[in-house]
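Spelled out, the chains give:
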Amino acid sequence: MVMDASHCYLDGNADAVEFCPHDPFHHGLAASTYNLQEEGDKPSRLGSLSLFDVDAEKGRLELIHRMETCGIFDIKWNPVGSSSCQLLGQADADGYLRVYKLASHSEGGSEPTGATTLREVSDVKVSTSMCFYLDWNPSATAITIGISDGSVAEVSVTESGLSLHQQWEGHQFEVWTSSFDCHLPHLVYTGSDDCRFCGWDLRDDPSNAAFQNTKAHSAGVCCVTKNPNDPNTLLTGSYDEYLRVWDMRSLSKPVNEKSLCLGGGVWRIKYHPSVPDLVLSACMHNGLAIVDTKSSMLEIVETYTKHESLAYGADWQRRKLSNDNADTTHVVATCSFYDKLLRIWRPQFKNGA
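Treat the numbers as computed from the prediction; the structure is a model and nothing was measured.

**Considering the sheet that holds strand 24 (residues 288-292)**
- Taken together, the four strands give an open sheet; going across it, the order is 22-23-24-25, and neighbouring strands pair in antiparallel fashion. With one partner strand each, in any of the chains shown, strand 22 (268-271) and strand 25 (299-304) form the two edges of the open sheet. For this sheet, the mean inter-axis angle between neighbouring strands, taken without regard to orientation, is 25 degrees.
- Relative to strand 24, strand 23 (residues 278-282) runs antiparallel, the two being bridged by five bridges. Across the sheet, residue Val279 finds its bridge partner in strand 24, namely Val291.

Structure, rendered in structure tokens:
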């Protein structure tokens, strides 16, 4: 039985949640919103970025910082070990990539001294179209962007800021996902509304796909996630409602090993930070599912159906295990779109599920 810890309503349509992976800020949770206002001839796309302090055991979900932005489609923290700073990337409806730094507020501003805030440190105009998705490479020296016009971009990250390194036409329709291979960071995987799942080698002319699969998905490819513990395994999620597991040892033609219908459309897939092969999936019209992907047939070990709208955002909290490894608790943040709802809950499966 799932245990609900806390919930709150955001100031707009909720579409992404990301726990900070950096010690000692595991209690920090970022959440973003996107609102389309169609008044007059030109629609406006507005949003917000919020930072919460979360303690699931005490039922605490405290808003500590919020800023108004343009409409946000995706947010991601920089990888652990890549920098001494805690950075949060934002892909937005204005075609920008923006990066914020987690910092304590100093004297002289409107925020209390010592309060934790997000401060924008750099931005770059990536496209005149909307930026839908972002992913950092393992060293946080580059970010890949999926764009609404079908193109894919690579942005360089340096101490002096962000710069657009290259951009290419990858797909015919919207690129919903664009992610680095965490083991081979010269590879970028993309998925699109054109139902194609592609790989691009950044060492070559990336406009020439290293591989593409056009037959496996019967609807748009929403997410592509590499297994951090297995360099040969990769997952895709699709509007066709299937979670698919791929063996990547044949890049010219990935082998589809197994798949599982989760219902609702698989929008996001997040690997558990400490339990290998366990994933959290946001299934849009069908809530959330926790899946054991190592099982020969794939196995749903837990579901969560308390969101009454499109379940888009989902993430695990990174939690330190006790010295005797007896800490078997898990904490999840999820959000849903039209009801503007953010939920914190605790799955009850045991480690090693």
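**Section: unusual backbone geometry**
- With an omega of 5 degrees, the peptide bond running from Asp23 to Pro24 counts as cis.
- Position of Pro24 relative to the elements: it lies in the loop between strand 2 (14-19) and strand 3 (28-37).
- One non-glycine residue, Lys340, adopts positive backbone phi at about 60 degrees.
- In this fold, Lys340 is placed in the loop between strand 27 (332-336) and strand 28 (341-346).
- Overall, the relative accessible area of 31% leaves Lys340 in the partly exposed class.

**Quick word on the environment of Asp41**
- Tracing the chain through its elements places Asp41 in the loop between strand 3 and strand 4 (44-55).
- Note on Asp41: relative accessible area 85%, which makes it exposed.
- As a C-alpha pair, Asp41 and Leu260 span 219 residues in sequence and 44 Å in three-dimensional space.

**Side note on the pairing of strand 2**
- In terms of residue burial, strand 2 counts as a mostly covered element, since six of its six residues are buried.
- In the sheet, strand 2 pairs with strand 3 via five bridges, with the strands oriented antiparallel. Across the sheet, the residue bridging to Ala14 is Thr33, located in strand 3.

**Focus: the pairing of strand 11 (residues 142-147)**
- Among the six residues that make up strand 11, six are buried, leaving the element largely enclosed by the rest of the structure.
- Both faces of strand 11 are covered, namely the face carrying Ala142, Thr144 and Gly146 and the face carrying Ile143, Ile145 and Ile147.
- Sheet topology note: the strand 10 (residues 131-136)/strand 11 ladder contains five bridges and is antiparallel. Considered in strand 11, the bridge of Cys131 is made with Ile147.
- Hairpin connection, strand 10 to strand 11: the antiparallel pair is bridged by five residues, and Ala140 has positive phi, about 60 degrees.
- Pairing of strand 11 with strand 12 (residues 151-158), which is carried by five bridges, proceeds in the antiparallel orientation.

**Overview of the sheet that holds strand 2**
- Across the sheet, which stays open at both edges, the four strands sit in the order 2-3-4-5 with antiparallel pairing between neighbours. Since the sheet does not close on itself, it has two edges, and those belong to strand 2 and strand 5 (60-70), each with one partner. In this sheet, neighbouring strand axes are inclined to one another by 20 degrees on average, regardless of whether the strands run parallel or antiparallel.
- Of the pairings in the sheet, the one linking strand 3 to strand 4 comprises 10 bridges and is antiparallel in character. Across the sheet, Leu29 pairs through a bridge with Phe52, a residue of strand 4.

**Quick word on the confidence of the model for the protein**
- Counting all residues, the mean pLDDT for the protein is 92, and 93% of those residues have values of 70 or more.
- In the predicted structure, residues 322-326 sits below a pLDDT of 50 and forms one contact with residues beyond four places in sequence or in another chain.

**Concerning the packing of aromatic side chains**
- In the structure shown here, the tally under the stated rule is 16 aromatic pairs.
- Ring geometry for Phe73 versus Phe132: centroids 4.7 Å apart, planes at 70 degrees, classification edge-to-face. Of this pair, Phe73 sits in strand 6 (residues 72-77) while Phe132 sits in strand 10, placing them 59 residues apart in sequence.
- An aromatic cluster of three or more residues is present, and its members are Tyr34, Phe73, Phe132, Trp176, Tyr239, Trp267, Tyr312, Phe337 and Tyr338.
- A cation over an aromatic ring shows up here: Lys76 above the ring of Tyr133, its NZ or CZ 3.9 Å from the ring centre.
- Over the face of the ring belonging to Tyr96 we find Arg98, whose NZ or CZ atom lies 4.3 Å from the ring centre.

**Considerations on the environment of Ser309**
- Relative to the elements of secondary structure, Ser309 occurs in the loop between strand 25 and strand 26 (311-316).
- Taking the C-alpha atoms as reference points, Ser309 and Lys340, separated by 31 residues in sequence, lie 8.5 Å from one another.
- Leaving out residues up to four positions away in the same chain, Ser309 has contacts with Met284, Ser336, Phe337, Tyr338 and Asp339.
- Among the polar contacts made by the side chain of Ser309, one reaches the main-chain amide nitrogen of Tyr338 at a distance of 2.9 Å.

**Describing the environment of Gln348**
- Following the sequence through the fold, Gln348 ends up in the segment after strand 28.
- Along the backbone, Gln348 and Arg203 are 145 residues apart, and their C-alpha atoms lie at a distance of 44 Å.
- One polar contact links the side chain of Gln348 to the main-chain carbonyl oxygen of Arg346, over a distance of 2.9 Å.

**A short note on the pattern of salt bridges**
- This model, assessed by the stated rule, comprises 18 salt bridges.
- Asp181 is the salt-bridge partner of Lys226, the closest N and O atoms lying 2.8 Å from each other. Here Asp181 lies in the loop between strand 14 (175-180) and strand 15 (187-192) and Lys226 lies in strand 18 (residues 221-226), a separation of 45 residues in the sequence. Asp181 matches Lys226 in its accessibility class, with the two residues each being buried.
- Among the salt bridges present, the one from Arg203 reaches Asp201, with a minimum N-O distance of 2.9 Å.
- Residue Asp201 is classed as buried on the basis of its relative accessible area, which comes to 15%.
- The structure contains a network of salt bridges with shared partners spanning Glu18, Lys270, Asp315 and Arg318.

Definitions and limits used
- Within any chain, residue numbers begin from 1 and follow the written order of that chain's sequence.
- In view of the model being predicted, local features appear only for residues whose pLDDT reaches at least 70, and side-chain atom pairs are presented and counted only at 80 or more, with totals across whole chains, interfaces and linings using the full set of residues.
- Values reported for side chains reflect all heavy atoms of the structure, with hydrogen atoms and water molecules removed beforehand.
- If DSSP finds at least two bridges between two strands, the strands pair.
- By definition, any uninterrupted DSSP run of H or I lasting at least four residues is a helix, any uninterrupted run of E lasting at least two residues is a strand, and each is numbered from the N terminus.
- Whenever a helix is involved, its axis is fitted only over the stretch in contact; in every case the axis is a line through C-alpha atoms, and angles between N-to-C directions fall within 0 to 180 degrees.
- When accessible area is computed with a 1.4 Å probe and restricted to protein chains, residues below 20% of their type maximum are described as buried, those above 50% as exposed, and intermediate ones as partly exposed.
- pLDDT expresses, on a scale from 0 to 100, how confident the predictor is about each individual residue.
- Two residues qualify as a contact provided that any one of their heavy atoms is within 4.5 Å of a heavy atom in the partner residue.
- Here a Phe, Tyr or Trp ring, Trp counted by its six-membered ring, pairs with any other such ring whose centre lies within 6.5 Å, and the pair is stacked when the planes are under 30 degrees apart, edge-to-face when over 60, and tilted otherwise.
- Throughout this description, the term charge over a ring refers to an Arg CZ or Lys NZ atom that lies within 6 Å of the ring centre and within 35 degrees of the ring normal.
- Under the rule applied, a polar contact is a pair of N or O atoms within 3.5 Å (in protein, one hydrogen donor and one hydrogen acceptor; residues adjacent in sequence only if both atoms are side-chain atoms).
- For this analysis, a salt bridge means a side-chain nitrogen from Lys or Arg found within 4 Å of a carboxyl oxygen belonging to Asp or Glu.

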